[in-house]
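The lines below spell out each chain.
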Amino acid sequence: MNDALIDGFNRKIDYLRMSVTDRCDFRCVYCMAEDMQFLPRQQILSLEELYQIAERFVALGTRKIRLTGGEPLVRQGIVELCQRIAALPGLRELCLTSNGSQLPRLAQPLFDAGVTRLNISLDSLKPERFHQLTRTGDLAQVVAGIDAARAAGFRRTKLNAVVLKGRNDDELVDLVRFAIERELDITFIEEMPLGVISEHERGESFCSSDEVRERLAEHFTLIESAESSAGPARYWRLAEAAQTRVGFISPHSHNFCATCNRVRLTVEGRLLLCLGNEHSLDLKQVVRAHPGDCARLEAAIRDAVQLKPYRHHFEVGGDVQILRFMNMTGG
């Protein structure tokens, strides 16, 4: 039997993003409400259930897994989970997305456990603004986490910045220079319409990737690149700094659906087949009703992948199309 997961549009699905918790020590304005209600422990996947699902996906040809949250590093036992998943034969990359707050103490243990690469969110280099955007975050602590990751041995660490017009779009050049100084990559992300928020109006704060790129081109020489990280970002090289790539994730202006190779596992065990649609399958029900039944879990995954839609239909303004928040989905 062919182990590869192929969807109904002949796309090979070999990238799984797994949310290990909906909890976070930040409350970023584009990600969650200020007074978020988190799921009871019994409703979220256990570490063993997360491992079982990861193991089946790798057996089915998954070559890259990214652990996300919420903030994955607030989950107890995360380092041990990383160590087990990293050891799965056939897995090429185990990556982790973090807000950086816990990296001063966990960067070295994560590197030693076999995590291959980190993405770290950084939306501002101004301490007061950073605190406003995250509602609770300390910029100095995050920068210390970024530096701890490099000291631990991580390379090709990528910064992720969600661009909000009138909020942080005046820092684009400074963020790139920060990445250059530390030999990091950086990706600028268009805000996604996930969850009902009242803190700002998404249509007014929207800043397209084209606009970001035009503004960066006033200061840097951008060279289009065919490089890929097996994710949605499109990369450009800088003539002034060969060690830094600048990426753009553009769910609105340049959607990347035709080459989508990924699915997401939410913290409550739903296999989400598209970030911008509600097509999903409850894998938690499968693993709890039939513990240890690898064949049944594998069949459920194969069947679910056939339901993967061709594309999402995000809109800049108007009603929110997806009611779940990003912390539930996995960043």
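Note that the structure is a prediction, hence the values are computed from the model and not measured.

Enquirer: Describe the pairing of strand β11 (residues 241-249), with residues and values.
Expert: Burial of β11 is extensive: seven of the nine residues sit out of reach of the surface. Pairing between strand β8 (residues 185-190) and β11: four bridges, direction parallel. Across the sheet, Ile186 pairs through a bridge with Val246, a residue of β11.

Enquirer: Describe the pairing of strand β12 (residues 262-265), naming the residues involved and giving the relevant values.
Expert: Burial along β12 is two-sided: the residues Arg262 and Arg264 and Val263 and Leu265 are all buried. Of the strand pairs in this sheet, strand β3 (residues 15-19) and β12 are connected by four bridges, and their pairing is parallel. What sits directly across from Leu16, in β12, is Val263. As paired elements, β12 and strand β13 (residues 270-272) share two bridges and run antiparallel to each other. What sits directly across from Arg264, in β13, is Leu272. Between the end of β12 and the start of β13, which pair antiparallel, lie four residues, with Gly269 showing a positive phi angle near 90°.

Enquirer: Describe the confidence of the model for the protein chain, with residues and values.
Expert: Predicted confidence across the protein chain gives a mean pLDDT of 87, with 85% of residues reaching 70 or more. Note on residues 194-200: pLDDT is under 50 here. Beyond four places in sequence and across chains, it has 29 contacts.

Enquirer: I'd like a description of the environment of Arg288, backed by residues and values.
Expert: By the element assignment, Arg288 lies in helix α9 (residues 283-289). Between the C-alpha atom of Arg288 and that of Leu45, which follows or precedes it by 243 residues, the distance is 9.6 Å. If sequence neighbours within four positions are ignored, Arg288 has contacts with Gln42, Ile44, Leu45, Ser46 and Glu49. Within polar-contact distance, the side chain of Arg288 engages the backbone oxygen of Ile44 at 3.0 Å.

Enquirer: Account for the pattern of salt bridges, with residues named and values stated.
Expert: Inspection of the entire model under this criterion finds 22 salt bridges. Salt-bridge contacts for Arg213 lead to Asp210; the nearest nitrogen and oxygen are separated by 2.6 Å. Within this pair, Arg213 and its partner Asp210 are both found in helix α8 (residues 209-216), separated by three residues, close to a single helical turn. Residue class for Arg213 comes out buried when judged on its relative accessible area of 18%.

Enquirer: Requested: an account of the packing of aromatic side chains, with residues and values cited.
Expert: For the structure on display, the rule yields two aromatic pairs. Measuring from ring centre to ring centre gives 5.1 Å for Phe111 and Phe154, while their planes differ by 80°; the resulting arrangement is edge-to-face. In this pair, Phe111 sits in helix α3 (residues 103-113) while Phe154 sits in the loop between α5 (139-152) and β7 (158-163), placing the two residues 43 residues apart along the sequence. Residue Phe111 is classed as partly exposed on the basis of its relative accessible area, which comes to 32%. We classify Phe154 as buried; its relative accessible area is 2%. Aromatic side chains Phe188 and Phe248 sit 6.3 Å apart centroid to centroid with 35° between the ring planes, which places their arrangement in the tilted category. Here Phe248 lies in strand β11 and Phe188 lies in strand β8, a separation of 60 residues in the sequence. Judged by its relative accessible area of 1%, Phe188 is buried.

Enquirer: Describe the environment of Arg41, with residues and values.
Expert: Its place among the elements puts Arg41 in the loop between β3 and α1 (47-59). Taking the C-alpha atoms as reference points, Arg41 and Thr21, separated by 20 residues in sequence, lie 9.6 Å from one another.

Enquirer: Describe in detail the sheet that holds β8, supporting the description with residues and values.
Expert: Strands in a sheet are paired, the pairing made by backbone hydrogen bonds, and the direction either parallel or antiparallel. Strands sit in the order β9-β10-β11-β8-β7-β6-β5-β4-β3-β12-β13-β14 across an open sheet of twelve strands; the sheet is mixed. If you trace the sheet from one side to the other, it starts and ends with β9 (222-224) and β14 (280-282), each paired once. For this sheet, the mean inter-axis angle between neighbouring strands, taken without regard to orientation, is 25°. Sheet analysis places β13 next to β14, joined by three bridges and oriented antiparallel. If you follow Leu271 over to β14, its bridge partner there is Leu281. Its contacts with the sheet place α1 against β3, β4 (64-68), β12 and β13, and it is angled at close to 175° to β3. The strands touched by α8 within the sheet are β7, β8, β9, β10 (234-238) and β11, with β11 carrying the most contacts at an inclination of about 155°.

Enquirer: Any details on helix α2 (residues 78-86)? Residues and values, ideally.
Expert: When we look at burial in α2, the residues that qualify are Ile78, Val79, Leu81, Cys82 and Ile85. Across the axial projection of α2, the buried residues extend over an arc of 160°, all falling on one side. In the core, the buried residues of α2 are packed alongside α1, β4, β5 (93-98) and α3.

Enquirer: So what's going on with the packing of α1 against α2? Residues and values would help.
Expert: Here α1 crosses α2 at 20°, and the two axes come no closer than 10 Å. The angle between α1 and α2 falls in the class roughly parallel. Considering only the axes of α1 and α2, their crossing is right-handed. Across the interface between the two elements, Leu47, Glu48, Leu50, Tyr51 and Ala54 of α1 pack against Leu81, Arg84 and Ile85 of α2.

Each value, and the rule that gives it
Counting from 1, residues in each chain are numbered in the order their sequence is written. Restriction of local features to residues with pLDDT of at least 70 applies here, the model being predicted, together with a cutoff of 80 or more for giving and counting side-chain atom pairs; totals for whole chains, interfaces and linings are based on all residues. Derived side-chain values reflect all non-hydrogen atoms in the structure, with water molecules and hydrogen atoms excluded from consideration. Note on classification: 1.4 Å probe, protein chains only; a residue is buried when its accessible area is under 20% of the maximum for its type, exposed when over 50%, partly exposed between these limits. Working definition: helices are DSSP H or I runs of at least four residues, strands are E runs of at least two. Numbering for both runs from the N terminus. A pair of strands is labelled paired if DSSP reports no fewer than 2 bridges between them. As a per-residue quantity, pLDDT reports the predictor's confidence and falls between 0 and 100. Any two residues whose heavy atoms approach within 4.5 Å are treated as being in contact. We define a polar contact as two N or O atoms separated by no more than 3.5 Å, with the added condition that, inside protein, one atom must be a possible hydrogen donor and the other a possible acceptor, whereas residues neighbouring each other in sequence contribute only through side-chain atom pairs. Throughout this description, the term salt bridge denotes a Lys or Arg side-chain nitrogen within 4 Å of a carboxyl oxygen of Asp or Glu. Centres within 6.5 Å are what make two rings of Phe, Tyr or Trp a pair, Trp counting through its six-membered ring; a difference in plane orientation under 30 degrees is then read as stacked, over 60 as edge-to-face, and the rest as tilted. To define axes, lines are fitted to C-alpha atoms, for helices over the stretch in contact only, and angles between the resulting N-to-C directions are given on a 0 to 180 degree scale. The directions considered for the arc run from the helix axis to the C-beta atoms. Oblique is the label for any angle not covered by the other classes, which are roughly parallel (under 35 degrees), roughly antiparallel (over 145) and roughly perpendicular (65 to 115). Each crossing gets its handedness from the near helix: less than a right angle anticlockwise from the far helix is left-handed, clockwise is right-handed.

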